[in-house]
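Each chain, written out:
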Amino acid sequence: MFVNLDSADVFTEITGSGRPLLMIHGNWCDHRLMKGCMEEIFTHNPAEKKTGEWKRIYFDIPGMGDTVLKRDIASTDEIFDIIDDFVERVIPERIFYIASESYGSYLARAFVKKYPERVGGIM
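These numbers were taken from a predicted model, which means no experiment stands behind them.

**A word on the packing of aromatic side chains**
Aromatic rings in a pair are described by how distant their centres are and how their planes are angled relative to each other.
Next up, step 1: Counted by the stated rule, this structure contains 7 aromatic pairs.
Next up, step 2: Taking the centre distance of 5.1 Å and the plane angle of 90° together, the rings of tryptophan 54 and tyrosine 97 count as edge-to-face. Taken together, the residues span a long stretch of sequence, with tryptophan 54 in strand β4 (residues 54-59) and tyrosine 97 in strand β6 (residues 96-100) at a distance of 43 residues. The two residues tryptophan 54 and tyrosine 97 agree in class, both being buried.
Next up, step 3: Centre to centre, the rings of phenylalanine 111 and tyrosine 115 are 6.3 Å apart; their planes meet at 20°, and the pair counts as stacked. In terms of burial, phenylalanine 111 and tyrosine 115 fall into one category: buried.

**Quick look at the pattern of salt bridges**
Next up, step 1: Under the criterion given, the structure shown has 8 salt bridges.
Next up, step 2: Of the charged contacts, one joins arginine 32 and aspartate 30 as a salt bridge, the two residues approaching to 2.7 Å between their closest N and O atoms.
Next up, step 3: Residue classification places arginine 32 among the exposed positions, given a relative accessible area of 58%.
Next up, step 4: Note on aspartate 30: relative accessible area 13%, which makes it buried.

Calculation rules
- Sequence order as written defines residue numbering, which begins from 1 separately in each chain.
- A pLDDT threshold of at least 70 governs which residues receive local features in this predicted model, and a stricter bar of 80 or more applies before side-chain atom pairs are shown or counted, although totals over entire chains, interfaces and linings include all residues.
- The side-chain quantities take in all heavy atoms of the structure and omit both hydrogens and water.
- Two aromatic rings from Phe, Tyr or Trp, using only the six-membered ring of Trp, form a pair when their centres are within 6.5 Å; if the ring planes differ by under 30 degrees the pair is stacked, by over 60 it is edge-to-face, and anything between is tilted.
- Put simply, DSSP H or I for four residues or longer makes a helix, DSSP E for two residues or longer makes a strand, and each gets a number counted from the N terminus.
- Relative accessibility thresholds used throughout: buried, under 20% of the residue-type maximum; exposed, over 50%; partly exposed, between the two (1.4 Å probe, protein chains only).
- What counts as a salt bridge is simple: a side-chain nitrogen of Lys or Arg found within 4 Å of a carboxyl oxygen of Asp or Glu.

Structure, rendered in structure tokens:
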């Protein structure tokens, strides 16, 4: 599915329910990197199967994967702003958690700085 924003149509896959867990992949790949690494943990965890504790939000960073940009971007700050709009759309005013790797972890730190009261934890 796509989450339509003013600046991009963000390709997104959401799995599970419960606490929002934003999955931010690294540079020059797409959401499948995180999904391939992380879903194994959730599908083989008996507690997760029973409770559905985590709502996993996989998406393609603007400029990567199937996310479609509606304007040019020139910096990581602009990429962060688009992801921030995305988060506000899919996780409005809620505490959320972040799992990330590489460049995604750089972006995750920006969320911790901007929303220290909303980011419940990062890994």
